[in-house]
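Here is how the chains run, residue by residue.
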Amino acid sequence: MTQTPGVQLHIRGKVQGVGFRPFVWQLAQQMHLKGDVCNTGNGVVVRIAGSEGDFVAQLYAQCPPLAAIHSVARSEFVWDAAPQDFIIVPSQQCAMDTQIVPDAATCPACLEEINTPGNRRYRYPFTNCTHCGPRLTIIQAMPYDRAYTVMAAFPLCPDCEREYRNPLDRRFHAQPLACPVCGPQLFWRQGDETFHRDDALEAAVAALRRGEIVAIKGLGGMHLAVDARSDRAVLRLRERKQRPAKPLAVMLPDGAGLPDAALSLLRSPAAPVVLVDAQSVSGLSRYIAPGLGEVGVMLPANPLQHLLLQAVGAPLVMTSGNLNGRPPAITNQQALDELADIADGWLLHNRDINQRMDDSVVRQSGEVMRRARGYVPDAIALPPGFDGLPPILAVGADLKNTFCLLRGNSAVLSQHLGDLTEERVPAQWQLALKIMRELYDFTPARIAVDAHPGYISSQMGREMDPTADVVLHHHAHAAACLAEHQWPLDGGAAIALTLDGIGYGADDQLWGGECLLVDYARCERLGGLPAVALPGGDLAARQPWRNLLAQWQAFVPDWQGYPEAEVLLSHAWEVLARAIARQINAPLASSTGRLFDAVACALGLAPDAQSYEGEAACRLEALAMQAAHTAHPVTLPFINDELDMAAFWQQWLAWRAPDAERAYAFHDALAQGFAEMARHHARQRGITTLVFSGGVLHNQLLKARFTHYLADFDLRFPMQLPAGDGAVSFGQAVVAAARWLRNQP
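Only a predicted model underlies this, so the values are computations on that prediction, with no experimental measurement involved. (Residues numbered from 1 in each chain as written. Predicted model: local features only at pLDDT ≥ 70, side-chain atom pairs only at ≥ 80, totals over all residues. Heavy atoms only, no water.)

**As for the overall build of the protein chain**
Here is step 1 of the chain: A count of helical and extended segments in the protein chain gives 22 helices and 31 strands.
Here is step 2 of the chain: Whereas a compact globule of 745 residues would reach a radius of gyration of roughly 27 Å, the protein chain reaches 27 Å, a difference of no more than 12%.
Here is step 3 of the chain: Judged by the C-alpha coordinates and their principal axes, the protein chain covers about 95 × 70 × 45 Å.
Here is step 4 of the chain: Sorting the 745 residues of the protein chain into buried and exposed places 61% on the buried side.
Here is step 5 of the chain: Taking as baseline every contact in the protein chain between residues at least 6 positions apart, the subset at least 24 positions apart corresponds to 72%.
Here is step 6 of the chain: For the protein chain, the exposed surface amounts to about 27900 Å²; the carbon and sulfur share of it is 50%.
Here is step 7 of the chain: Distance between charge centres in the protein chain, computed from 62 positive and 76 negative side chains, equals 3 Å. (Helix = DSSP H or I, 4+ residues; strand = E, 2+ residues; numbered from the N terminus. Rg over C-alpha atoms; globule rule 2.2 N^0.38 Å. Buried < 20%, exposed > 50% of the residue type's maximum accessible area, 1.4 Å probe, protein only. Contact = heavy atoms within 4.5 Å. Areas by Shrake-Rupley, 256 points an atom, 1.4 Å probe, with all protein chains shown as cover. Lys, Arg positive; Asp, Glu negative; His and termini not counted. Charge placed at Lys NZ, Arg CZ, Asp CG, Glu CD.)

**Re helix 4 (residues 158-165)**
Here is step 1 of the chain: Taken together, the buried positions of helix 4 are occupied by Cys-160, Glu-163 and Tyr-164. The arc that holds the buried residues of helix 4, viewed along the axis, is 100°, so those residues lie on one side. In helix 4, those exposed residues whose orientation departs by more than 90 degrees from the buried face are Pro-158 and Arg-162. (Arc of directions from axis to C-beta.)

**A closer look at the sheet that holds strand 11 (residues 273-277)**
Here is step 1 of the chain: Strand order in this open sheet of 11 strands is 7-6-14-8-9-13-10-12-11-15-16, and the pairing throughout is mixed. The outermost strands of the open sheet, each flanked by one partner alone, are strand 7 (193-196) and strand 16 (368-370).
Here is step 2 of the chain: Looking at chain direction, strand 10 (residues 250-251) and strand 13 (residues 316-320) are connected through 2 bridges and run antiparallel. Bridged to Val-250 within strand 13 is Val-317.
Here is step 3 of the chain: Against the sheet, helix 6 (residues 231-241) contacts strand 9 (222-227) and strand 13, and its axis sits at roughly 145° relative to strand 9. (Pairing = 2+ DSSP bridges. Axes fitted to C-alpha atoms, helices over the stretch in contact; angles between N-to-C directions.)

**Structural notes on the pattern of salt bridges**
Here is step 1 of the chain: On inspection of all chains with the given rule, the structure shows 38 salt bridges.
Here is step 2 of the chain: Close ionic contact of Lys-434 with Glu-438 constitutes a salt bridge, the shortest N to O distance being 2.9 Å. Placement of the pair is Lys-434 and Glu-438 together in helix 10 (residues 425-439), with a separation of 4 residues, close to one helical turn.
Here is step 3 of the chain: Among the residues examined, Lys-434 registers a relative accessible area of 49% and is labelled partly exposed.
Here is step 4 of the chain: A salt bridge links Asp-714 to Arg-716; the shortest N-O distance between them is 2.8 Å.
Here is step 5 of the chain: On the basis of relative accessibility, which here comes to 28%, the residue Asp-714 falls in the partly exposed class. (Salt bridge = Lys/Arg side-chain N within 4 Å of Asp/Glu carboxyl O.)

**A short note on the pairing of strand 3 (residues 43-49)**
Here is step 1 of the chain: Taken across its 7 residues, strand 3 has 5 buried, putting it largely inside the fold.
Here is step 2 of the chain: Here strand 1 (residues 4-14) pairs with strand 3 via 6 bridges, running antiparallel. For Leu-9, the partnering residue across the bridge sits in strand 3 and is Val-46.
Here is step 3 of the chain: The pairing of strand 2 (residues 35-40) with strand 3 spans 6 bridges and is classified as antiparallel. Opposite Asp-36, over in strand 3, you have Arg-47 as the bridge partner.

**Digging into the pairing of strand 2**
Here is step 1 of the chain: Burial analysis of strand 2 places 6 of its 6 residues in the buried class, which makes it a mostly covered element.
Here is step 2 of the chain: Taking every second residue as pointing to the same face, both faces of strand 2 are buried, with Gly-35, Val-37 and Asn-39 on one and Asp-36, Cys-38 and Thr-40 on the other.
Here is step 3 of the chain: The hairpin turn running from strand 2 into strand 3, its antiparallel successor, is 2 residues long.

**Description of the packing of aromatic side chains**
Here is step 1 of the chain: All chains considered together, the criterion is met by 15 aromatic pairs.
Here is step 2 of the chain: With 5.6 Å between their ring centres and 65° between their planes, Phe-20 and Phe-23 make a pair best called edge-to-face. Taken together, the residues Phe-20 and Phe-23, both in helix 1 (residues 20-30) and 3 residues apart, mark about one turn of the helix. Each member of the pair, Phe-20 as well as Phe-23, carries the same accessibility label: buried.
Here is step 3 of the chain: Here the aromatic rings of Phe-692 and Phe-717 are separated by 4.3 Å at their centres, their planes lie at 20°, and the arrangement is stacked. Here Phe-692, found in strand 30 (residues 689-693), pairs with Phe-717, found in the loop between strand 31 (714-716) and helix 22 (728-742); they are 25 residues apart in sequence, far enough to count as distant. The residues Phe-692 and Phe-717 share a single accessibility class, namely buried.
Here is step 4 of the chain: One aromatic cluster is present, formed by Trp-552, Trp-559, Trp-573, Phe-596, Phe-648, Trp-649, Trp-652 and Phe-666 through successive ring pairs.
Here is step 5 of the chain: Over the aromatic face of Trp-79 sits the side chain of Arg-47, whose NZ or CZ is 4.8 Å from the ring centroid. (Phe/Tyr/Trp six-rings, centres within 6.5 Å; stacked < 30°, edge-to-face > 60°. Lys NZ or Arg CZ within 6 Å of the ring centre and 35° of its normal.)

**What about the sheet that holds strand 5 (residues 86-88)?**
Here is step 1 of the chain: In space, the 5 strands of this open sheet follow the order 4-1-3-2-5, with mixed pairing throughout. Here the strands that pair on one side only, and so sit at the sheet edges, are strand 4 (68-79) and strand 5. Strand-to-strand twist of the sheet, defined as the mean angle between neighbouring strand axes without regard to direction, takes the value 20°.
Here is step 2 of the chain: Pairing between strand 1 and strand 4: 11 bridges, direction antiparallel. By the bridge assignment, Gly-13 is partnered in strand 4 with Ile-69.
Here is step 3 of the chain: Lying over the sheet, helix 1 contacts strand 1, strand 2, strand 3, strand 4 and strand 5, oriented at roughly 170° with respect to strand 5.

**Remarks on the packing of helix 5 (residues 197-209) against helix 8 (residues 303-312)**
Here is step 1 of the chain: Relative to each other, helix 5 and helix 8 sit at 50°, their axes nearing to 10 Å. Classified by the angle between their axes, helix 5 and helix 8 sit oblique to one another. As for the relative orientation of helix 5 and helix 8, their crossing is right-handed in sense. Contacts between helix 5 and helix 8 involve Leu-201, Ala-204, Val-205, Leu-208 and Arg-209 on the former and, on the latter, Leu-304, Leu-307, Leu-308, Ala-311 and Val-312.
Here is step 2 of the chain: Here the residues of the contact of helix 5 with helix 8 are counted per class, giving 9 nonpolar, no polar and 1 charged. (Parallel < 35°, antiparallel > 145°, perpendicular 65-115°, else oblique. Left-handed = near helix turned anticlockwise from the far one by under 90°. Nonpolar A, V, L, I, M, F, W, Y, C, P; charged D, E, K, R; others polar.)

**Considerations on the packing of helix 12 (residues 473-484) against helix 22**
Here is step 1 of the chain: Two elements in contact, helix 12 and helix 22, have axes separated by 7 Å at closest approach and are oriented at 85°. Compared by their axis directions, helix 12 and helix 22 come out roughly perpendicular. Only Val-728, Phe-730, Gly-731, Gln-732, Val-734 and Val-735 of helix 22 make contact with helix 12, whose side of the interface consists of His-473, His-475, Ala-476, His-477, Ala-479, Ala-480, Ala-483 and Glu-484.
Here is step 2 of the chain: The class makeup of the residues in the contact of helix 12 with helix 22 is 8 nonpolar, 5 polar and 1 charged.

**Some thoughts on the nonpolar core**
Here is step 1 of the chain: Grouped together as the largest cluster of nonpolar side chains are 105 residues, with contacts concentrated most on Leu-308, Leu-347 and Phe-403.
Here is step 2 of the chain: Those residues within four positions of Phe-403 in sequence are excluded, and the remaining contacts are Leu-393, Ala-394, Val-395, Val-412, Leu-413, Ser-414, Leu-417, Trp-429, Ala-432, Leu-433, Met-436 and Ser-729.
Here is step 3 of the chain: By size, the runner-up hydrophobic cluster in this structure holds 79 residues, among which are Leu-636, Phe-648, Ala-657 and Phe-717. (Core = buried A, V, L, I, M, F, W, Y, C linked by side-chain atoms within 4.5 Å.)

**A closer look at unusual backbone geometry**
Here is step 1 of the chain: Going from Val-376 to Pro-377, the amide bond is cis rather than trans, its omega being 15°.
Here is step 2 of the chain: The residue Pro-377 is located in the loop between strand 16 and strand 17 (379-381) in this model.
Here is step 3 of the chain: Although it is not a glycine, Arg-197 adopts a positive phi angle of roughly 55°.
Here is step 4 of the chain: Residue placement: Arg-197 occurs in helix 5.

Laid out in structure tokens, this is it:
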């Protein structure tokens, strides 16, 4: 037998489930090459007889829209027998080291098919191809083949089988491939009525037009939908869902009138919810985002949503389908049981959801607020110097939780999983981790946890490894921002401003408004806000008036004489004041978030009890954005490594001005005070780079004022990862990695 020399190309990146093998096959045909291509657990392998010529260059130049080539490793290969053609061979299983592709919005070709009478997928709500459709939400194992997805329950009909086997077809090896003959189907439930297929869709449309609440099964969970123009329908949804004020996302039939930056994001394969100026969207109920200057909008991201919006012809509220305090339902039975007191009807289908996946939320500037559908599980490249790492699992924080798998020189963040204190979220966390570990053949050698001993995430991490790496909350915040911006491992220290609610700091202190000296391996507090009582402990995060009382008890001795005191005098403040004085259930924290609550309360913007995290702070920012930004007499001086709150309150309470101007003055003074502190410590140490993180940094006005006051520094703000706790797991992972590398010989 005559052997034939050749080459083998091992291609890594996003190269599975994106039409990569048929692309390789077509390119090989064009170049008259002989050999084969196959999926493996760690990428795609191409074997070619003889020389490959400029094949690799063409791979990069003509890469499919959802694919991304990160590396091509070339090696010599000898064929036992010369291949006579170029073929696609079955997948092989081995250790997982490639990227799984996020779910992707409906592509133009599929959208055209569902809108073309006579096409066999006309009005079929599960149409997809290799360029779009579900991915992570249906996958069960690697390699990414139909047999390892929930689509294994739907055997292909002859027509779909031909498409699946034809390398010239854009549905070649599209694992979610389906059609009306062999694929998933819709059904409608309302009372004793059950409809199927097109009748189900028509029933849902009719219900929405009547102003009813419809539960809709999507790609990664349930949505609740109502007519977004109707005050009555929106208020009914709020009442039933017990969601009195939290903003609701709206799905628009089209993007007419929206800024180009927003449209670019809305029409991307990720198709996130995009926060835009509320003035740019007309005709919506005033109860969509009460008291706020932004509204979250999205465009249809799957065929079912396209068909619904086309038929209704009006914007729809599209909010998560869950009971208050529980995660969104993902099974039909959960939806029918748990949403029985909310929904009037259910538009469901018989394709299982293997992983919950919430909608991602992004500002039109590109700043990611919540990272989930469309972005997860895209890998994040680690900065220079992070090489040869052992597998590290970081479990994140308890709020806005994500976990992180770090290995080699990249990290994979999970989708947003939410609040671990809510019922069923820890179980979903465990399931998501199990699936991700199996998909990536990932066994952690090290585990990183938050320093807070009471966090559920930390407890779960320590159960897996009692010797887990403990990372300060705000160190993780700062490290995540550094790593997002590719700050090298040996890049030296930076000054970090980490502003949020609270997090566990050094010496068992509760931090939330800090100026830090950080690199990946160390974190030193240089100064910040003074620590103030949290009256009632966790209750202070829910009831803003408690924080105003704590601030005034500490810094405004004669506060009862001010007109703003009326909001406190209506509560039983004396009992709480005594508890603060005696330090009874009133731990001290340097919390920026609670300071925002206090100022919002003083301006009459805060409810007695917040219905969602950050409600008072968001209203305060929205009001401040309405100000004329005129000069003001309010300062927050930097004295002895702390900001002088007594001076601030004296000036702010003495200044009689419109509420919007006072709200703006607070933002401006806070930014100027922290900027002065950061500048002082940076100049002392010859540092020119400042990083910012923590949930308060989602405040656009505060960021703008920091940029103004620190324009002569190199400023790094979170963009691709959330400023809040959604990126804490990534920060924990890189801190643990830096410590491991530091201890290597």
